[in-house]
Amino acid sequence: MPTGPVTARVIDSHTEGEPTRVVVEGGPELGSGSFQERLEIFRRDYDDFRAGVCCEPRGSEVVVGAMLCAPTDASCAAGVIFFNDVGYLGMCGHGTIGVVRTLAHLGRIEPGSHRIETPVGIVEAELLPDGAVRVRNVESYRYRAAVSVDVPGNGTLVGDIAWGGNWFFLIGDHSYDLSLENRYELVRATHAIRQALAQAGITGKDGAVIDHIELFGEPVHAENSSRNFVLCPGASFDRSPCGTGTSAKMACLYADGKLSDGDKWRQEGILGTHFIGTIEAHGESVLPTIEGRAWISAESTLIFDPSDPFRGGIGF
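Bear in mind that the values here come from a model prediction, so they are computed numbers and not experimental data.

Mapped onto the elements, Asn 154 comes out in the loop between β9 (141–151) and β10 (155–163). Non-local contacts of Asn 154, meaning those with residues more than four positions away in its chain, are made with Tyr 176, Arg 188, Ala 189 and Ala 192.

As structure tokens, this is what we get:
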């Protein structure tokens, strides 16, 4: 083990308001296996690095980390493992947009199409000339429709279970005010919903934990299709319209016959920013594409001093 401080170089960005912290140098050595194998090594042996990057005092509960790794597929511009204050993410839409803008900032890619390897598969991203990024996400689908769950203090709610790179429970019929001013009540309510799903044994495919809760309502801006509020794993909410959540929503719309190839879905987030989504039908699933914008906000070096009692972050 190192006896002195260890450093990691990071580049921060935000995608429509949601931060991404990309580790470009100094991350743990995860070997050259598959990205699932590397993720398991990260989780097993270096979880303190994850927490140190994302949690206080260096980060916060809303920061999503992204560690660049050499891809196993030579056609990919980069590989990446996403994580946050409580664990690891299979895929992250806003984070992928942030990664692409970071790679461009580093001079590693130019405008055009690029492939990014993740633990849940390869995603395709296009850096547009104006700096926007269009991400073709992993195959997405609705797993179960109109699932009822009894939520203490909230009554019975009905939602769809869908996969968009992460597992979501999506609720459109509710009485909540999807405004930023109401964010504390929304966090409380969606956290209660997630707990109720777990207690009732309601899961994604093969018993997968549903760790994202998504509420939908009417948009504030008339040009948008819908507004959402998304509870991420842990206790933070997505400041962006959520790329994987938009993918899951479009999969549900497609399953209901409400969205077809080429139709645009403008997903508004809690800050009023939006993603533009489209789908390509793929049997009972869809291949979703999400377009959004990211901005570089900082370049810094994180210092991990062995004598620091919070070297591995402060967990709540």
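Judged by nonpolar contacts, the single largest core of 61 residues is most densely connected at Phe 82, Val 99, Val 149, Phe 169, Ile 193, Leu 197 and Ile 210. For this core, the element with the highest residue contribution is helix α4 (residues 183–199), accounting for 7 residues. Setting aside chain neighbours within four positions, we find Phe 82 in contact with Val 64, Gly 65, Ala 66, Tyr 88, Leu 89, Met 91, Cys 92, Gly 95, Thr 96 and Val 99.

It is worth spelling out the pattern of salt bridges at this point. Taken as a whole, this structure holds 19 salt bridges when the rule is applied. Between Arg 311 and Asp 48 there is a salt bridge whose closest N-O contact spans 4.0 Å. Placement of the pair is Arg 311 in the segment after β17 (294–304) and Asp 48 in helix α2 (residues 47–54), with a sequence separation of 263 residues. Put simply, Asp 73, Arg 115, Glu 124, Arg 136 and Glu 280 are held in one network by salt bridges that share partners.

Once that is clear, we can look at the environment of Ala 294. Mapping Ala 294 onto the fold places it in strand β17. For the pair formed by Ala 294 and Glu 56, sequence separation is 238 residues and the distance between their alpha carbons is 23 Å. Each residue touching Ala 294, except ones within four places of it in the same chain, is listed here: His 14, Thr 15, Ile 97, Gly 98 and Arg 101.

Reading the values: rules and limits
- Residues numbered from 1 in each chain as written.
- Predicted model: local features only at pLDDT ≥ 70, side-chain atom pairs only at ≥ 80, totals over all residues.
- Heavy atoms only, no water.
- Helix = DSSP H or I, 4+ residues; strand = E, 2+ residues; numbered from the N terminus.
- Contact = heavy atoms within 4.5 Å.
- Core = buried A, V, L, I, M, F, W, Y, C linked by side-chain atoms within 4.5 Å.
- Buried < 20%, exposed > 50% of the residue type's maximum accessible area, 1.4 Å probe, protein only.
- Salt bridge = Lys/Arg side-chain N within 4 Å of Asp/Glu carboxyl O.

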